[in-house]
Amino acid sequence: MARITGGEYTWPGLNLGQLQSLDPLQMDASFVGGGLAQMNANNDANGLVEVSRRATENFRSLDVSCTEADLAVARDLGLLAGSMLRVNVDVEQVTPEVVGALMTIADKTDMIPYHTVFHYSLGNPDGPRMRTFTKSEQEKLFVEQVRIGMEAFGDAALSLGKIFCGSVDIKDEGTAFALREATNSIELGIQTIPTVMKQVGGRYFAEVLRPYFNPLIVDGVSYDAPGGAQMPLMVVDHMLFASDLPDNDYGAYRAKNIGYLTPSARRFMESTMGQSSLKTRRAEMSDESQLELDGLLKKLYAFRAAHHKLAKDSFSHRDQEAVGSGGARPDLLQDLTHLTHSQIH
């Protein structure tokens with residue numbers, strides 16, 4: 001049976017510190033000095049194209065490559081591509097070298113040819129080297145809160161994996177402990193929502209940040225920009241209740257977004273599709289574990305409800321036909337919230 005380990009929600013064997021420290025395209029000056037942010041503020045399409053071309057020249061001259069360096073390349077080229085898309089540059093036509101580099105990295109890392117929420121958060125340096133579109137304090141805080149959510153949901157997945165994969169017997173008292181661990185991790189994710197609402201705000205996200213998160217077209221395929229659906233919360237869903245759900249309940253959401261997970265998380269979900277979820281096996285648990293499972297589902301529902309509220313606030317500042325970075329309307333979050341609520345015993 002497939003097992004989820006410490007690296008499943010990030011990358012087995014990956015050195016995140018090394019990834020964050022690397023600057024293979026020599027882009028530090030643009031990010032630290034604010035040159036990229038200034039080009040974005042000035043809507044300088046020509047400048048963005050030029051700096052992107054220089055970055056790919058550096059990519060072609062790289063002598064040493066490792067997974068961490070490959071992911072750092074995708075991280076930085078993804079932000080450049082998002083910046084160009086915001087000012088209506090056809091990235092594939094105007095800068096084919098950028099798309100070519102992203103496709104090369106995608107083949108090597110088994111990821112999409114664009115950046116994802118993994119690159120934008122966990123792969124992003126702390127401090128002055130942080131990669132942002134705007135260099136604003138709001139965006140820096142947003143990156144930090146997304147990173148907290150990524151880590152929290154990954155930790156929840158690790159806890160649930162102990163039961164789902166059998167290293168903890170579902171009948172044992174260790175199940176209650178693992179479920180409690182997962183609940184505590186989800187609570188950390190919930191705490192990011194009011195921080196984002198208060199210190200970033202729906203209007204700022206909608207009017208300033210969201211335009212940088214547009215899909216990238218590569219060979220006729222549209223790839224979403226970083227978004228919440230790409231977080232390891234999907235792995236939590238999978239083990240809690242979704243691994244054996246009928247496709248019409250969850251399948252379309254999973255099919256659209258599973259490709260944006262890290263390869264190990266994606267393979268884990270694919271290899272355990274159809275396996276009985278923890279919700280299905282509730283009757284095998286002790287009374288204490290059943291109460292902990294119910295509490296975890298309530299906590300997950302609370303997160304979804306808060307996330308839906310945050311999305312509605314952001315969309316209230318946009319036109320009626322607008323979609324999120326994952327191409328969806330807030331109705332999708334509402335459906336997920338209702339689905340999660342229906343799992344509570």
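In this numbering scheme, every chain counts its residues from 1 along its sequence in written order. Where totals are concerned, whole chains, interfaces and linings use all residues; where local detail is concerned, this predicted model gives features only for residues with pLDDT of at least 70, and gives and counts side-chain atom pairs only at 80 or more. Derived side-chain values reflect all non-hydrogen atoms in the structure, with water molecules and hydrogen atoms excluded from consideration.

Peer 1: It is not clear to me how the environment of I190 should be interpreted in this structure. Could you clarify?
Peer 2: Along the polypeptide, I190 turns up in helix α10 (residues 173-199). Three exposure classes are used, based on accessible area relative to the maximum for each residue type with a 1.4 Å probe and protein chains only: buried under 20%, partly exposed in between, and exposed over 50%. With relative accessibility at 14%, the residue I190 sits in the buried group. Linking I190 and A306, residues 116 residues apart in sequence, is a C-alpha distance of 7.5 Å. Here a helix means four or more residues in a row that DSSP labels H or I, a strand means two or more in a row labelled E, and each is numbered from the N terminus.

Peer 1: Hey, could you run me through the pattern of salt bridges in this one?
Peer 2: It is possible for side chains of opposite charge to pair when their charged atoms get near one another. Salt bridges are defined by distance alone: a side-chain nitrogen of Lys or Arg within 4 Å of a carboxyl oxygen of Asp or Glu. What the rule picks out here adds up to 22 salt bridges. A salt bridge links E181 to K162, with the nearest nitrogen and oxygen atoms 3.0 Å apart. Of this pair, E181 sits in helix α10 while K162 sits in helix α9 (residues 137-164); the two residues are 19 residues apart in sequence, bridging distant segments of the chain. Between R304 and D237 there is a salt bridge, and its shortest N-O distance comes to 2.7 Å.

Peer 1: What is the right way to read the packing of aromatic side chains from this model?
Peer 2: Geometry of an aromatic ring pair is reported as the spacing of the ring centres plus the angle between the planes. By convention, a stacked pair of Phe, Tyr or Trp rings (six-membered ring in the case of Trp) has centres within 6.5 Å and planes under 30 degrees apart, an edge-to-face pair has planes over 60 apart, and any other such pair is tilted. Counted under the stated rule, the structure contains 10 aromatic pairs. An aromatic cluster of three or more residues is present, and its members are Y120, F133, F142, F205, Y212 and F213.

Peer 1: It is not clear to me how the packing of helix α12 (residues 233-242) against helix α14 (residues 263-271) should be interpreted in this structure. Could you clarify?
Peer 2: How two helices sit against one another is set out by the angle between their axes and by the gap between those axes. Lines fitted to the C-alpha atoms define the axes, with helices restricted to the stretch that makes contact. Angles between their N-to-C directions range from 0 to 180 degrees. Packing of α12 against α14 leaves a shortest axis separation of 11 Å and a crossing angle of 20°. In this view, α12 runs roughly parallel relative to α14, as classed from their interaxial angle. With respect to the hand of their crossing, α12 and α14 are arranged in left-handed fashion. Packed against α12, whose contacting residues are M234, V235, H238 and M239, the element α14 presents A265, F268 and M269 at the interface. We call Asp, Glu, Lys and Arg charged. Ala, Val, Leu, Ile, Met, Phe, Trp, Tyr, Cys and Pro are nonpolar, and the rest, Gly among them, are polar. Across the contact of α12 with α14, the residue classes break down as 6 nonpolar, 1 polar and no charged. Note on angle classes: values under 35 degrees are labelled roughly parallel, values over 145 roughly antiparallel, values of 65 to 115 roughly perpendicular, and the remainder oblique. In this scheme the handedness of a crossing depends on how the near helix is turned from the far one: anticlockwise by less than a right angle means left-handed, clockwise means right-handed. The contact rule is simple, with two residues in contact once any of their heavy atoms fall within 4.5 Å.

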